[in-house]
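# Summary of the model geometry
Residue strings, one per chain:
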Amino acid sequence: MKITSAISSAFSLRRHVGSLRIARSSLIKSAHILERIGLAAVGASCGLYVGATLLRQKGGLFESGWIVLLTMLYGAISCYVGIDLSGNVARKPKSSISEEWTGSEPAEIMSAAGTFGAAIAATLSVSILVLDQNLPNGLIGFVAGCWVVGSSLQVAAGTMARSHDASANEPMKDCARE
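First, a word on scope: everything that follows refers to the structure included in this document. (Residues numbered from 1 in each chain as written. Predicted model: local features only at pLDDT ≥ 70, side-chain atom pairs only at ≥ 80, totals over all residues. Heavy atoms only, no water.)

Once that is clear, we can look at the packing of aromatic side chains. Under the defined criterion, the tally for this structure stands at 0 aromatic pairs. Against the face of tyrosine 80 rests arginine 36, its NZ or CZ located 4.3 Å from the ring centre. (Phe/Tyr/Trp six-rings, centres within 6.5 Å; stacked < 30°, edge-to-face > 60°. Lys NZ or Arg CZ within 6 Å of the ring centre and 35° of its normal.)

And the structure:
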């Protein structure tokens, strides 16, 4: 009896929610904001692992707890800005000819390379922490370098994509009128 009442209440709730009219564009914008916040959370968690790996190394440069906070903040910013490129740049090719460049490809390539570098650094950091490995400072520096370069490529790609998107959306100036 309880299952049937739960199912009927779910259907009645669906009818009430279905009568609410939410503008599709605002719903999509809300979903996009949630997606971007989720990407920032993923970047922060990856930064947490890299920062914890750096903090764990004794006798290194990064013996302060601030390194964890800094890597988390930079990871959140880089994933928020760089992974989810705007729809006009990443999802709408302007040409069907593969040899023709539209100007958005460098941003897409940089975003992909940055995501790859940051993900490799986070994966190596997790394995170092989970397996309780003691690695030389040079290898830990390599992991940190992958993280910094990857995250910086993401930020640069996001900035390039948004500036390209803004310039593509500007109205053309009429040169005939003066």
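Next up on the list: the pattern of salt bridges. In the structure shown here, the tally under the stated rule is 1 salt bridge. Taking the shortest distance from any N to any O, the salt bridge between aspartate 132 and arginine 56 comes out at 2.5 Å. In this pair, aspartate 132 is assigned in the loop between helix H5 (105-130) and helix H6 (137-169) and arginine 56 in helix H2 (residues 24-56), connecting sequence segments 76 residues apart. Judged by relative accessible area, which is 57%, aspartate 132 ranks as exposed. (Salt bridge = Lys/Arg side-chain N within 4 Å of Asp/Glu carboxyl O. Helix = DSSP H or I, 4+ residues; strand = E, 2+ residues; numbered from the N terminus. Buried < 20%, exposed > 50% of the residue type's maximum accessible area, 1.4 Å probe, protein only.)

As a further point, take the packing of H2 against H5. Following both chains from N to C, one finds H2 and H5 inclined at 50°, their axes separated by 8 Å at the closest point. Between H2 and H5, the crossing angle belongs to the class labelled oblique. Handedness of the crossing formed by H2 with H5: left-handed. On H5, the residues that touch Cys46, Tyr49, Val50, Ala52, Thr53 and Arg56 of H2 are Ala121, Ala122, Ser125, Val126, Ile128 and Leu129. Looking at the contact of H2 with H5 residue by residue, the classes come out as 9 nonpolar, 2 polar and 1 charged. (Axes fitted to C-alpha atoms, helices over the stretch in contact; angles between N-to-C directions. Parallel < 35°, antiparallel > 145°, perpendicular 65-115°, else oblique. Left-handed = near helix turned anticlockwise from the far one by under 90°. Contact = heavy atoms within 4.5 Å. Nonpolar A, V, L, I, M, F, W, Y, C, P; charged D, E, K, R; others polar.)

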